[in-house]
Amino acid sequence: MTKNKFETIDTPAPLVREAILVRNITDMAGFAQQAGVDLRPHVKAHKIPRLARIQVNQGAVGITVSKLDEAETMAEGGLKDIFVASPITEPKKIKRLLKLSDRTGVSVVADSREGVEALARGASEKGKNLKVLLAIDCGFNLCGLPSDESAVKLARQICEEEALEFGGIMTHAGHSYRAEGPEIVQEIGLDEGRLMVDLAARLKQEGLECPRVSVGSTATVKMAGMVKGVTEICPGNYIFNDMAGVALGVAMEEDCALTVLTRVVSRPAEDRCIVDAGSKTMSLAKGRQSGTMYAGFGKVKGHPEVVVSRLEEEHGVLSLPPESDLRVGDLIEIVPNNAGLVINLAPSVHIIRNEEPWEEWKVSARGSK
Ligand SMILES: Cc1ncc(COP(=O)(O)O)c(C=O)c1O
C-alpha cells in the first residue's frame, strides 16, 4: 500500500488547497478593483461562512446567495449585505427575509408582477422597506424577464410600490457553461454586459435610476465586468474552479482548489479499478470533452491515462490501461466537473496547507432551502 500524506483523512472527502483558494480569491478581488466594479461573490459555490468572510476581507462588498437558509446561515456567520439572487415569492419566506433584514442589509430579486406584489405586501405589513432588483434573462432561459418593455413595466411597478426600493437590475449568464468554446463564452460575456447597460440606460430615460447593474458568472465575468456601466459582479465558482471551467478555458487545472480524495478499494480487472467516491460524493455532473483533454466524471490528478468512466452511488469506476500501477489501498484525487455540486454533498472540507492536512471546515449551508 502506497503511503500518502493524506492517509489520516477518511475517504471520500473533498480537499481544498489553501494556496490556490487564496490566489483565486485575491485574483478576482484584483479584477473587480481594476474594472472599477463591486464584487459580491455568490457563496452557493462554497456554502462556508468562514470562506465568505475571507472574500469580504479581501474586498467583496457583500455576498450573493440563492437560498434563504443560505442567507440566514451566512448572517449567523457574521456576513453583512446579503443579496438573495432567486425570486422569493412565498409569504412565509418573505417574512423570514424581512426578519433577516433586521440584522443585515438585504436585497432580493423579482421577475414577476405577483412576486413584486408579494414582496410589497410583506414589507408594508412589517412597516419595512425592501430593496428589490429586477432579474433579467440574458439567454440562460431560467428566471428573469427579457430586456424589453416587460422589464421596463416591472421596474416601474417596483418603483411605485411604497414599501419597495428599486435596487437596479441583475442577470446571470448560466448558458455560458453550455458554450461550444472559449470564443463563444467571451461573446456571451460581452453581450451580457452590453444588454444590461443598454437596459439601464433605457430605464434611466424613463426616469428609473439603476443603482446596481449586476452581472457575472465565473465563465463570463472578465468580459461582462469590463463593460462600462456595469457596477457589480457576482461570480461564485471562481473560488474553487473545476473541470467545467477548465474545459471552457476560464481556468487551468492548477487553478482548481478543490479535489475529491478517494481510495482504490478494488481492482477487479486489469483495465478497471474501483474507488470509494461515487455519485453521492462527486455528483453526476458530466465532463465536457475538449479535444483529448479529459472525459468522464472528473479528472484524476497526476494520472492522465485514467478516465472516471462510471459513477454508482457509493463507488466510482476508473478505466485504466492494463499497465497502470494503481492498486487497492492507493489514494488518488479527482478534480470534479462541478465543484459546487460536490460542496453541497459534503459535510465538511479538509483545508490543505503546505501539502499537509491543516483544518476541517464545516459546510454549514449545505442542503439549504
Ligand atoms: C444568479 C447567479 N449569479 C451568479 C452565479 C455565479 O455563477 P458562477 O458560479 O458560474 O460563477 C450564479 C450561479 O448559479 C447565479 O445563479
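In this text the structure is predicted, and so the values were computed from the model without any measurement.

**Structural notes on the sheet that holds strand β4 (residues 82-84)**
Thought 1: The strand order across the open sheet built from eight strands is β2-β9-β8-β7-β6-β5-β4-β3, with neighbouring strands paired in parallel fashion. The strands lining the two open edges of the sheet, one partner per strand, are β2 (38-39) and β3 (63-65).
Thought 2: Where β3 meets β4, three bridges bridge the pair, whose relative direction is parallel. Each residue of the ladder has a partner; that of Ile 63, found in β4, is Ile 82.
Thought 3: Against the sheet, helix α4 (residues 91-100) contacts β4, β5 (106-110) and β6 (130-136), and its axis sits at roughly 150 degrees relative to β5.

**Focus on the packing of helix α3 (residues 68-76) against α4**
Thought 1: The contact between α3 and α4 brings their axes to 11 Å, and the two run at 20 degrees. Judged by the inter-axis angle, α3 sits roughly parallel to α4. Remark: the crossing between α3 and α4 carries left-handed chirality. Facing α3, whose interface residues are Leu 68, Asp 69, Ala 71, Glu 72 and Ala 75, α4 presents Lys 93, Arg 96, Leu 97 and Leu 100.

**Brief notes about the domain arrangement of the protein**
Accessible area lost upon the coming together of the parts is a frequently used measure of interface size.
Thought 1: Segmenting the protein into domains produces domain 1 (18-241) and domain 2 (251-362).
Thought 2: A C-alpha centroid distance of 32 Å is found between domain 1 and domain 2.
Thought 3: In this complex, domain 1 contributes 20 residues to the contact, which on the side of domain 2 involves 19 residues.
Thought 4: The largest contributions to the domain 1 side of the interface with domain 2 come from Glu 18, Phe 240 and Asn 241, which together make up 38% of the buried area.
Thought 5: Salt-bridge contacts for Arg 353 lead to Glu 18; the nearest nitrogen and oxygen are separated by 2.8 Å.
Thought 6: Counting the contacts that link domain 1 with domain 2 gives eight residue pairs in polar contact (both at pLDDT 80 or more).
Thought 7: Listed by contribution, the elements that provide at least two residues to the side of domain 1 that touches domain 2 are α1 (18-35) and α2 (49-57).
Thought 8: The element that contributes the greatest number of residues to the side of domain 1 that touches domain 2 is α1, accounting for five residues.
Thought 9: Considered class by class, the residues forming the side of domain 1 that touches domain 2 number ten nonpolar, four polar and six charged.

**Notes on the pattern of salt bridges**
Pairs may arise between side chains of opposite charge once their charged atoms sit close together.
Thought 1: Scanning all chains against the criterion turns up 25 salt bridges.
Thought 2: Two residues, Glu 232 and Arg 212, come together in a salt bridge whose shortest N-O distance is 2.9 Å. Taken together, the residues Glu 232 in strand β9 (residues 232-233) and Arg 212 in strand β8 (residues 212-215) connect sequence positions 20 residues apart.
Thought 3: Look at Glu 232 and you get buried, because its relative accessible area is 1%.
Thought 4: With a relative accessible area of 11%, Arg 212 lands in the buried category.

**Comments concerning the site of the ligand**
Thought 1: If you check the shell around the ligand, you find 13 residues, and the closest are Lys 44, Tyr 177, Thr 218, Gly 236 and Asn 237.
Thought 2: Between Lys 44 and the ligand, the recorded distance is 2.9 Å, taken from a side-chain N or O atom to an oxygen atom.
Thought 3: One of the side-chain N or O atoms of Thr 218 is found 2.6 Å from an oxygen atom in the ligand.
Thought 4: Look at the ligand: alone it shows 390 Å² of surface, and the protein chains cover 85% of it.
Thought 5: Given that more than half its atoms are within 2 Å of the pocket grid, the ligand belongs to the largest pocket.
Thought 6: A breakdown of the residues in the shell around the ligand according to their chemical character gives five nonpolar, seven polar and one charged.

**Considerations on the layout of surface pockets**
Thought 1: In this structure, the largest pocket spans a volume of roughly 1200 Å³.
Thought 2: Residue lining of the largest pocket: 47 residues in total, with Lys 44, Phe 140, His 172, Gly 174 and Tyr 177 positioned closest to the centre.
Thought 3: Of all the secondary-structure elements, those providing two or more residues to the lining of the largest pocket are β6, β7 (164-171), β8 and α11 (339-345).
Thought 4: Considered class by class, the residues forming the lining of the largest pocket number 18 nonpolar, 20 polar and nine charged.
Thought 5: Two domains each provide a minimum of three residues to the lining of the largest pocket, namely domain 1 (18-241) and domain 2 (251-362).
Thought 6: The computed volume of the second largest pocket comes to approximately 320 Å³.
Thought 7: Met 28, Thr 218, Lys 222, Val 250 and Ala 251 are the residues nearest the centre of the second largest pocket, which is lined by 20 residues in total.

**Looking at the environment of Leu 119**
Thought 1: Along the polypeptide, Leu 119 turns up in helix α5 (residues 113-126).
Thought 2: Overall, the relative accessible area of 1% leaves Leu 119 in the buried class.
Thought 3: Put simply, Leu 119 and Pro 87 are 32 residues apart on the chain and 9.8 Å apart in space, counted from C-alpha to C-alpha.
Thought 4: The residues touching Leu 119, leaving out its near neighbours within four places in the chain, are Ile 88, Ile 94, Leu 97, Val 108, Val 109, Ala 110, Leu 130, Val 132 and Leu 164.

Reading guide: rules and limits
Residues numbered from 1 in each chain as written. Predicted model: local features only at pLDDT ≥ 70, side-chain atom pairs only at ≥ 80, totals over all residues. Heavy atoms only, no water. Pairing = 2+ DSSP bridges. Helix = DSSP H or I, 4+ residues; strand = E, 2+ residues; numbered from the N terminus. Contact = heavy atoms within 4.5 Å. Axes fitted to C-alpha atoms, helices over the stretch in contact; angles between N-to-C directions. Parallel < 35°, antiparallel > 145°, perpendicular 65-115°, else oblique. Left-handed = near helix turned anticlockwise from the far one by under 90°. Domains from an automatic or database assignment. Buried area = accessible area lost by both parts, 1.4 Å probe. Salt bridge = Lys/Arg side-chain N within 4 Å of Asp/Glu carboxyl O. Polar contact = N/O pair within 3.5 Å; in protein donor to acceptor, adjacent residues only side chain to side chain. Nonpolar A, V, L, I, M, F, W, Y, C, P; charged D, E, K, R; others polar. Buried < 20%, exposed > 50% of the residue type's maximum accessible area, 1.4 Å probe, protein only. Near = heavy atom within 4 Å. Areas by Shrake-Rupley, 256 points an atom, 1.4 Å probe, with all protein chains shown as cover. 1 Å grid on protein atoms, 1.4 Å probe; cavity = no way out; pocket = protein on both sides within 12 Å on 5 of 7 lines; lining within 4 Å. Sits in = over half its atoms within 2 Å of the grid points. Points joined across faces, edges and corners; volume = space filled by probe spheres on them.

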